[in-house]
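Observations on the model geometry
Take a look at the letters that make up each chain.
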Amino acid sequence: MTTQLDARSTARHGVLMAMAAMFSVQIGLAVSVGLIDRIGAEGAAWLRLFWAGVLMLLIVRPRRSDFTRRSLLASVLLGVVTAGVTLLFMAALARLPLGVASALEFLGPLGVAVARGTDRRTRILWPLFAGAGVLLLTQPWNGTADPVGVLFALAAGCCWAAYILLTQKVGDEVAGIKGLAVSMPVAALVATAVAGPATLGRMDPQLWLIGIGMALLLPVVPFTLELLALRRLTTAAFGTLMCLEPAIALGVGLVLLGQVPGALAIVGVGFVVAAGIGAERSGARGVDPELVVVPAEAA
């Protein structure tokens, strides 16, 4: 009985962490929109990643002995795709409403869930649901969606799919959040190579200070919460919760950015969310136990 209660408590904590991570991500993105006019989409992404890398190094201080060769490589690759998803999504956000961009980006994780699904019938059904949702969101028949923004959002989705797979691997093999203390600095280096030269000349003391707060809101806090949540939940449960993110993005975009979605866009997000939930329920992580025990140092 005690074991069951402990398992439920662990799962509940995982759910709360995942929900907090989603809200932190979307609020952070909404706030980042205000930086796009000052330092560009790539500059806003770089500023967050730069401070995230610095903060994670100072707080965690990883050592080479904390990693095997395989886990270190996975952490480095996680940093590369973290930079990719951040830079690409900010570029999409400069051209598309937050809810639309988030729903399109979500097709990446949805693709992973469908590919790993065990039910062959639903592996066809859910992509059709998602495809219908994308059509309703972008409405190509009236030409309102920026095609370049759509491509950026889809590319960010591919990086997000890789991010989820690598986060699972790093979370399984590296104690605590030490993997993030490698991946975040790597992401900062990649972003600096891409956007740093064009952004540094536009920085001022106020922007540097804003960057610290932005980095905490996104990505330091949500990425840490996601990694810890994945240790407390099965990937199916975690993925099902993540399906709520496009809907959260729609709400945050409405409240903070005044982006009022049309009726078709709302229905489109509903289709994408339904597809994600259905795909995740039919495809779980084969090596996961029902609940994963968290190392003491990560608690």
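Keep in mind that this is a model prediction, so the values were computed, not measured.

Thoughts on the layout of surface pockets
In this structure, the largest pocket occupies an estimated 230 Å³ of space. Considering the residues around the largest pocket, the lining is formed by 20 residues, among which Pro97, Val100, Leu137, Pro261 and Ala265 are closest to the centre. Listed by contribution, the elements that provide at least two residues to the lining of the largest pocket are α3 (98-105), α5 (122-138) and α10 (245-257). Taken together, the residues that form the lining of the largest pocket break down as 11 nonpolar, seven polar and two charged.

As for the environment of Gln168
With respect to the secondary-structure elements, Gln168 resides in helix α6 (residues 147-173). In the structure, Gln168 is positioned 59 residues away from Leu227 in sequence and 7.5 Å away in space, judged by C-alpha atoms.

Focus: the pattern of salt bridges
Overall, the coordinates contain five salt bridges when judged by the stated rule. For the salt bridge of Lys169 with Glu173, the shortest nitrogen-to-oxygen distance reads 3.4 Å. Pair noted here: Lys169 and Glu173 are both in helix α6, with a separation of four residues, about one helical turn. Taken together, the salt bridges that share partners define one network made up of Arg63, Asp66 and Lys178.

Comments concerning the nonpolar core
The tendency in soluble globular proteins is for nonpolar side chains to be buried side by side. Leu29, Met90 and Leu98 are the most contacted members of the largest nonpolar core, which has 91 residues in total. If you tally residues by element for this core, the top one is helix α1 (residues 2-60), at 21 residues. If we ignore the near neighbours within four places in the chain, the residues touching Met90 are Leu29, Ser32, Ile36, Ala41, Ala44, Ala45 and Arg48.

Re empty space enclosed by the protein
Applying the stated rule across the entire model yields four cavities of 30 Å³ or more. As a volume, the largest cavity reaches approximately 250 Å³. Taken together, 18 residues line the largest cavity, and the ones lying closest to its centre are Val25, Val85, Glu105, Leu218 and Phe223. Mapped by element, the contributors of at least two residues to the lining of the largest cavity are α1, α2 (69-93), α3, α6 and α8 (205-232).

Structural notes on the confidence of the model for the chain
Taken residue by residue, the chain gives an average pLDDT of 85. The fraction at 70 or more is 89%. In this model, residues 284-299 is a region of pLDDT below 50 whose contacts with residues beyond four sequence positions or in other chains number 31 contacts.

So, the packing of α6 against α8
For the pair α6 and α8, interaxial distance at closest approach is 10 Å and the crossing angle is 65°. Accordingly, the angle class assigned to the pair α6 and α8 is roughly perpendicular. Where α6 crosses over α8, the two elements pack in a sense that is right-handed. Side by side, α6 and α8 meet where Tyr163, Thr167, Gln168, Val170 and Gly171 of the first sit next to Phe223, Glu226, Leu227, Leu230 and Arg231 of the second. Of the residues assigned to the contact of α6 with α8, the class counts are five nonpolar, three polar and two charged.

Cut-off values and rules
Residues numbered from 1 in each chain as written. Predicted model: local features only at pLDDT ≥ 70, side-chain atom pairs only at ≥ 80, totals over all residues. Heavy atoms only, no water. 1 Å grid on protein atoms, 1.4 Å probe; cavity = no way out; pocket = protein on both sides within 12 Å on 5 of 7 lines; lining within 4 Å. Points joined across faces, edges and corners; volume = space filled by probe spheres on them. Helix = DSSP H or I, 4+ residues; strand = E, 2+ residues; numbered from the N terminus. Nonpolar A, V, L, I, M, F, W, Y, C, P; charged D, E, K, R; others polar. Salt bridge = Lys/Arg side-chain N within 4 Å of Asp/Glu carboxyl O. Core = buried A, V, L, I, M, F, W, Y, C linked by side-chain atoms within 4.5 Å. Buried < 20%, exposed > 50% of the residue type's maximum accessible area, 1.4 Å probe, protein only. Contact = heavy atoms within 4.5 Å. pLDDT = per-residue confidence, 0-100. Axes fitted to C-alpha atoms, helices over the stretch in contact; angles between N-to-C directions. Parallel < 35°, antiparallel > 145°, perpendicular 65-115°, else oblique. Left-handed = near helix turned anticlockwise from the far one by under 90°.

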